[in-house]
Amino acid sequence: MSGSVRLIMARPASISIIKSRNFASTRRQGFTLVELMIASVLSLIVFAALFSAYIFMARNLARIANFQQQQVQNRRVLFVVAKDVDEAVQVTTPLPASLILTLPPRPPSPDTTVVTYTYDSAAHTLTRVAVTGALPSSTTVLLSNLTSFTFAYFDESGGASPPPVFIKQIALSYSSAVGDRPNGTQSGDSVVSSRMVLRSKPPLGQ
């Protein structure tokens, strides 16, 4: 009898140990709903921050590329116009949006070259057209994406807007905008050139 009593007394203890072990193992499995919600919110915040940083960097890179495009245009137009003005022997119909220069003959051609600069406010471009005698004309778009453009004319002493025969200096000013403003990728630029001298133009009366 005493042996059987001990056996009965021992069974509840072993059952309680097994239950406590099963309870501990079930608490270690998975995450609670609150933990999952917190982890999801934190993940969304991190992804949103990364996406915002990516968009910001992409827009900055686009603006830099647009600005570099404008700088290339600026260097080209200033070089070409300054070279033509330096060689020009005559200025014809000087207007704020257009300019006609006559360049001397270049061997072996005996013909002069007429160079016409035209600002098209509808196309937002500055175009150079060169015609030498009976040869086909050469057309080059020097500037694009313009928002404004103006030629300015001066005499030898610096007086503004003289008659064509007295013009000795020419300057140009313009503004451009490249990119999409609503998307934050637009880059704007404004240029005011120095006065370019018509060194080859004969003095008045010659």
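Structure's up top.
Residues numbered from 1 in each chain as written. Predicted model: local features only at pLDDT ≥ 70, side-chain atom pairs only at ≥ 80, totals over all residues. Heavy atoms only, no water.

Trainee: Hey, could you go over the sheet that holds strand E3 (residues 113-120) for me, with residue numbers and the actual values?
Mentor: If you trace the five strands from one edge of the open sheet to the other, you get E1-E2-E3-E4-E5, paired in antiparallel fashion. The open sheet terminates on both sides in strands that have one partner only, identified here as strand E1 (90-95) and strand E5 (138-143). Strand-to-strand twist in this sheet, taken as the mean axis angle between neighbours without regard to direction, amounts to 15°. Where helix H2 (residues 33-87) meets the sheet, its contacts fall on strand E2 (98-103), E3, strand E4 (125-132) and E5, and the angle it forms with E5 comes to roughly 130°. (Pairing = 2+ DSSP bridges. Helix = DSSP H or I, 4+ residues; strand = E, 2+ residues; numbered from the N terminus. Axes fitted to C-alpha atoms, helices over the stretch in contact; angles between N-to-C directions. Contact = heavy atoms within 4.5 Å.)

Trainee: Go over the side chain of Ser98 with me, naming the residues and quoting the values.
Mentor: Tracing the sequence through the fold places Ser98 in strand E2. Once you skip the residues sitting within four places of it in the chain, Ser98 turns out to touch Thr93, Tyr117, Thr118, Phe151 and Tyr153.

Trainee: An account of the packing of aromatic side chains is needed here, citing residue identities and associated values.
Mentor: Throughout the structure, instances matching the rule amount to five aromatic pairs. Measuring from ring centre to ring centre gives 6.3 Å for Tyr117 and Phe151, while their planes differ by 65°; the resulting arrangement is edge-to-face. Note that Tyr117 is positioned in strand E3 and Phe151 in strand E6 (residues 146-154), a separation of 34 residues in sequence. On the basis of an interplanar angle of 20° and a centroid distance of 5.9 Å, the ring pair of Phe149 and Tyr174 is categorised as stacked. Placement of the pair is Phe149 in strand E6 and Tyr174 in strand E7 (residues 169-178), with a sequence separation of 25 residues. Like Tyr174, Phe149 is buried. An aromatic cluster is present here, built from Tyr117, Tyr119, Phe149, Phe151, Tyr153 and Tyr174 joined pairwise through their rings. Note that Arg195 overlies the ring of Phe154, its terminal NZ or CZ placed 3.7 Å from the centroid. (Phe/Tyr/Trp six-rings, centres within 6.5 Å; stacked < 30°, edge-to-face > 60°. Buried < 20%, exposed > 50% of the residue type's maximum accessible area, 1.4 Å probe, protein only. Lys NZ or Arg CZ within 6 Å of the ring centre and 35° of its normal.)

Trainee: Describe in detail the pairing of strand E8 (residues 187-192), supporting the description with residues and values.
Mentor: A regular strand carries its side chains on alternate faces of the sheet. Only one face of E8 is covered, namely the one carrying Ser187, Asp189 and Val191; the face carrying Gly188, Ser190 and Val192 has none of its residues buried. Alignment of E7 against E8, held across six bridges, turns out to be antiparallel. When the bridges of E8 are listed, Val178 appears paired with Ser187.

Trainee: Tell me about the environment of Gln73, residues and numbers included.
Mentor: Here Gln73 shows up in helix H2. Separated by 68 residues in sequence, Gln73 and Val141 place their C-alpha atoms 9.9 Å apart. In contact with Gln73, not counting residues within four places along its chain, are Leu142, Leu143 and Ser144. For Gln73, the side chain forms a polar contact with the side chain of Ser144, separated by 2.8 Å. (Polar contact = N/O pair within 3.5 Å; in protein donor to acceptor, adjacent residues only side chain to side chain.)

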